[in-house]
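Chain residues, written in single-letter form:
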Protein chains: 2
Amino acid sequence: MAAVKLSKDIARVFVNSFDTVLFDCDGVLWAGSKVLYRAVETVNYLKDSGKQIFYVTNNSTKTRAQYLEKLMKLGFNADEKEIATSGYLVASYLESINFQQTVYLIGSKGFAEELRNHGIKHTQIGPDTMATDMPTYVNGQIELESEIGAVVIGFDEHLSYPKILKAANYLANPNCLFLASNADETFPMEIPLVVPGTGVMVKAVETASQRTAKVFGKPSVAMFEAISKQCKINPQRTLMIGDRCNTDISFGKNCQLTTLLVLSGVTSLKHLEQYKHDEQHILMPDFYTDVLGDILDLLEQ
Amino acid sequence: MAAVKLSKDIARVFVNSFDTVLFDCDGVLWAGSKVLYRAVETVNYLKDSGKQIFYVTNNSTKTRAQYLEKLMKLGFNADEKEIATSGYLVASYLESINFQQTVYLIGSKGFAEELRNHGIKHTQIGPDTMATDMPTYVNGQIELESEIGAVVIGFDEHLSYPKILKAANYLANPNCLFLASNADETFPMEIPLVVPGTGVMVKAVETASQRTAKVFGKPSVAMFEAISKQCKINPQRTLMIGDRCNTDISFGKNCQLTTLLVLSGVTSLKHLEQYKHDEQHILMPDFYTDVLGDILDLLEQ
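Residues numbered from 1 in each chain as written. Chains lettered and ligands numbered in written order. Predicted model: local features only at pLDDT ≥ 70, side-chain atom pairs only at ≥ 80, totals over all residues. Heavy atoms only, no water.

Taking an unreviewed UniProt entry as the reference, chain A is identified by name as Phospholysine phosphohistidine inorganic pyrophosphate phosphatase belonging to Daphnia magna. Under the heading Sequence similarities (unreviewed entry), UniProt records this for chain A: "Belongs to the HAD-like hydrolase superfamily." (UniProt positions renumbered as here; feature names shortened; annotations may be inferred.)

Asker: Would you explain the interface of chain A and chain B in this entry?
Answerer: By convention, interface size is frequently given as the accessible area that disappears when the constituent parts associate. Across the contact, 40 residues belong to chain A and 40 residues belong to chain B. Buried area between chain A and chain B, both sides added, is near 3,000 Å², and the carbon and sulfur share of it is 72%. Counting the surface chain A buries against chain B, the share from its top three residues, Glu157(A), Tyr161(A) and Val194(A), is 20%. There are 0 salt bridges connecting chain A and chain B. Taken together, the links from chain A to chain B amount to 8 residue pairs in polar contact (both at pLDDT 80 or more). Listed by contribution, the elements that provide at least two residues to the side of chain A that touches chain B are α6 (134-141), α7 (161-171), β11 (186-187), β12 (195-196) and α8 (198-209) of chain A. (Contact = heavy atoms within 4.5 Å. Buried area = accessible area lost by both parts, 1.4 Å probe. Salt bridge = Lys/Arg side-chain N within 4 Å of Asp/Glu carboxyl O. Polar contact = N/O pair within 3.5 Å; in protein donor to acceptor, adjacent residues only side chain to side chain. Helix = DSSP H or I, 4+ residues; strand = E, 2+ residues; numbered from the N terminus.)

Asker: Quick question: what am I supposed to make of the relation of the copies chain A and chain B here?
Answerer: When chain A is fitted to chain B, the residual RMSD is 0.0 Å, and the transformation amounts to a turn of 180° plus an axial shift of 0.0 Å. Taken together, the turn and the small shift mark the pair as related by a two-fold rotation axis. Residue Ser160(A), judged by its C-alpha, is the member of chain A lying nearest the rotation axis, at 2.3 Å. When the interface residues of chain A are mapped onto chain B, 100% of them again lie at the interface, so the same face is used by both copies. (Least-squares fit on C-alpha atoms with pLDDT ≥ 70 in both.)

Asker: How should I be thinking about the UniProt feature "active site" (unreviewed entry) in chain A in this particular structure?
Answerer: Residue and element names in this part refer to chain A. Here the UniProt-annotated "active site" (unreviewed entry) positions come out as Asp24 and Asp26. For aspartate 24, the position within the fold is in the loop between β2 (20-23) and β3 (30-31). Classification of aspartate 24 as buried rests on a relative accessible area of 6%. If sequence neighbours within four positions are ignored, aspartate 24 has contacts with Leu29, Val56, Thr57, Lys218, Met240, Ile241, Gly242, Asp243 and Asp248. Only 2.7 Å separates the side chain of aspartate 24 from the side chain of lysine 218, close enough to count as a polar contact. In this structure, aspartate 26 sits in the loop between β2 and β3. (Buried < 20%, exposed > 50% of the residue type's maximum accessible area, 1.4 Å probe, protein only.)

Right under this line is the structure:
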């Protein structure tokens, strides 16, 4: 089983076969701070053609409102209800179960704000560094709070040993929930640098606590369930576009959507060859193309 | 298959069946700073009885010389050549391959000293914290060195996001070696606290780099090979004593030794029941007892 490369011959039929398009953001619409080739025109064209549009992102560092601001500023004709972030999903979930305790948060300002938007109390974010050595720390300096009912993990550039230690100790209580925004190992960047993602933080705490986090971001179907609650979506006429097979494409397959991989982010053609060799069907997209703007280019040819 | 509990009836035959005894340290001889029940008398008795003794520890935070000092201070009749630490193994390995570049070290003062003792250059240890946010950091502030030929991971209470990021970027070069002292998830402590171990650091860097570290500590046979180079050891007449099945007992089995689990550390009887249920033979010790000093108690009865 191989992925089909988008071409002029199939572009029109391909686009006509969908009513709804789900876009991953980092690596599809932009890389870091740089908008990718014709991404804005392509998304706006599809929306103007009457497609339902959703932005489905594993990034938990911004609230939905902040994402909307970024999208609008870059020229995307977007609306807040079209945006599903992994942080929003976690916060909505905690609100839905009427969570009343405090969250121990390994995460960002944006994630913290999303929790507060849903009425969820959380611990302080930002640096929590080790001022001494481990034996001194565990034998006296550590302060654990008693009201923690969940450990929640999102991207946190201040991940540190004390944070991992605290999370593992809260999780020693089997009643403490363990939730994560996503498990992406790295970020797609426009610079040639490996930038560790939330998956690193999740694995560190999972290893220390010997527990497994409930992950809300792609490839979990939680994101599809959340947007399906808002409006009717026919999976058979829905396209998922992403740059990363182990999150975006797996997500599409888990939700029985058609999948398109763009090669402007994490997954490369070399990876696709490997998936084919290993018969990893869950990672193999139905279609692929170099960059999102190719869709518009092909339609115009 | 179940483990046999040590009893008065078999204690003498059991002890007579070995010429060599390998001791794990944390959780067997001591927990944190507290010596466990009759540990010193038991080890010294076995040595006085003519057994070859080795201390085989995954702890990389002390040099062999520092371990010797601790053992002597506590009353163990020890000698430096009886001590094999995971840090010593890593340093010896790098020396054996004539490693000339610089090691990027996530580790402790003791590990750094062990590297220097073997003539291996390494980067500075200690805190390396994030003074800004990730985008600012990766777009300007990060400084990567060019002479790094290996990423080496040991226990480091100053683990941080910048350290994980740097390690992952050095490892993006496929010629860069990736070595770890050990993969223990936690430390056995005398206080009721979960204290994350080197395994957490290894998993974090493995996740970010999508590479797998070569681990020198138990259950790797590297430790047995190192002590076997020093003197003749007959595996059939050798006993491995440990408190942790996924390191100590697996190690013993990997080296075809007889294994004794003491319940004074990480692994509990509940775990043994689970291993039995799951048919995890590699984790099931041949014998078990509550604490090391039981051996002496049983011999004296």
